[in-house]
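Chain by chain, the residues:
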Amino acid sequence: MTADLVKGKGFRGALRYNLQKMEQLNATLLDTSFVRMNEHDVMKEVAMVRMQRPNLQKYFYHTSLNFPPEENLPDDKMLSIAKEYLEAMGFEQHQYAIFRHFDADHPHVHLLVNRIGYDGSLVSDSKDYARTENILRGLEKKYELAPVISSKQAQERATTKNELELVRRKNKPSSKQKLQILIKGITKNKPTTEEFIKALEKQGVNVLFNQASTGFVSGISFGYEGLLFKGAQLGQAYKWQAVKNSISYEPERDRQAISQGNIRTRNAILTRAEGGVTRTSATRGIPISGHNRVAAGDTNYAPQGTGSLQARSADESKGSGQENGRIGNEDIGHQSVIKGGGTEGESRQRTKQLRQPMANATLPHFDLIERLIGPDDTSDHLDEKALNEFKKKKKKPRQKPSL
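Description of the structure in this document.

About the thresholds
- Residues numbered from 1 in each chain as written.
- Predicted model: local features only at pLDDT ≥ 70, side-chain atom pairs only at ≥ 80, totals over all residues.
- Heavy atoms only, no water.
- Helix = DSSP H or I, 4+ residues; strand = E, 2+ residues; numbered from the N terminus.
- Buried < 20%, exposed > 50% of the residue type's maximum accessible area, 1.4 Å probe, protein only.
- Contact = heavy atoms within 4.5 Å.
- Areas by Shrake-Rupley, 256 points an atom, 1.4 Å probe, with all protein chains shown as cover.
- Pairing = 2+ DSSP bridges.
- Axes fitted to C-alpha atoms, helices over the stretch in contact; angles between N-to-C directions.
- Expected span 1.5 Å × (residues − 1).
- Arc of directions from axis to C-beta.

### Some points on the overall build of the chain
- On a plain count of helices and strands, the chain comes out with 14 helices and 11 strands.
- Of all 403 residues assigned to the chain, the portion counted as buried reaches 38%.
- For the chain, contacts bridging at least 24 residues in sequence account for 67% of all contacts bridging at least 6.
- When the accessible surface of the chain is split by element, carbon and sulfur atoms take 50% of a total near 24,100 Å².

### Things to note about the pairing of strand S7 (residues 217–224)
- S7 sits mainly inside the fold: seven of its eight residues count as buried.
- By the bridge criterion, seven bridges tie strand S6 (residues 205–211) to S7 in an arrangement that is antiparallel. What sits directly across from Asn-210, in S7, is Gly-219.
- Where S7 and strand S8 (residues 227–230) come together, four bridges link them in antiparallel fashion. Residue pairing in the sheet places Gly-223 in a bridge with Leu-228 of S8.
- Connecting S7 to the next strand, S8, in antiparallel fashion are two residues, including Glu-225 with a positive phi near 50 degrees.

### Notes on the sheet that holds strand S5 (residues 108–117)
- Pairing is antiparallel across the open sheet formed by five strands, whose spatial order is S1-S3-S5-S4-S2. Strands at the two margins of the open sheet, each flanked by one partner only, are strand S1 (2–8) and strand S2 (27–32). Each strand axis lies, on average, 20 degrees off the axis of its neighbour in the sheet, ignoring direction.
- As judged from the seven bridges shared by strand S4 (residues 94–101) and S5, these two strands associate in the antiparallel manner. Across the sheet, Ala-97 pairs through a bridge with Leu-112, a residue of S5.

### Quick word on the environment of Leu-136
- Looking at where Leu-136 falls in the secondary structure, it is placed in helix H4 (residues 128–142).
- Sequence spacing of Leu-136 and Glu-84 is 52 residues, and the spatial spacing of their C-alpha atoms is 9.9 Å.
- Contacts of Leu-136, omitting those with residues within four sequence positions, involve Met-1, Thr-2, Ala-3, Leu-65 and Tyr-85.

### A few points about helix H6 (residues 175–187)
- Compared with an ideal rise of 1.5 Å per residue, which puts 13 residues at 18 Å, H6 spans 18 Å between its outermost C-alpha atoms and is within 8% of the ideal.
- Residues Ser-175, Lys-176, Leu-179, Gln-180, Leu-182, Ile-183, Ile-186 and Thr-187 constitute the buried set of H6. The buried residues of H6 all sit within an arc of 165 degrees when viewed along its axis, so they share a single face.

Given below as structure tokens:
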């Protein structure tokens, strides 16, 4: 059994998603603490509890518990597992809804929970991934489910959902999978450190060691197909502590070979960056681009992100009119005139238009993310007047300085 955890600012998107699944007969409601299961009434109940912690941003907790295809459990057993999980996580007196879905090739349930309790208490999200993993391993034993190896014990990181989709689409292994196979094949004969580095370089893999000035090595990363992977991203067997036991490593002898290998890798990263290679991938590798040239050791490189846009905007508004020593003085009954024609308001509008394409380009799936975990629209379910009054009461009185 595995779990996918999400914490967000909004309850509405995930609720609507599950209710639509029910309308399409792809889901069923197993249990809920809400009086009526419709969007309007649920959000009213959620708003009442939220009033106790109006400043909390990420109050929404959403997880799915996923079972192997062969474990098609009955509803009552799946509900028992879901409720025991919530209780173990600390959600004993909290609003919740549990949905079973039938839209995938494996059984799974979705759990929507308010992190704020009825009494105003809050369930901490500290180390929630580690706690979830321990709880799932215990539930597997109790209900005699197929055991899953914990992430700490796994020698290789499991293939993610995005990687599987990429493999199906391109009909070939992902970069991470190919890299794992290459490293395993090279370490099989226990080469020396220098042989290990050069063998990987022949296969198009650059190795980057985290080497201190004393020569001590504390980590390792691999550059492959335009991506830079930390050893931990590939799995326990690819971390430096495991790799150095798989090869013939001697610190004093191999210090120079490691240093030279790092130089070649940094040069390769900078060459790709200057050539405009900015690949992104579902493998969670670090894209080798201009933005990590500083990480590669190029201290003279200054990344050009939104800075060029800011400079462009600044040029447009430079020289705006000054009255009485103030820019855009609010006491004057007209707007400042901007150099090059137009008012201050028109200049701001042009700046907004310049920024908008960049915002859309960097967040291609923002609408979907916002719908599922974004902040709730408070216009129809949260009494803003009452909320503001509550915030005023919560403010501490300003203390006078002692003389």
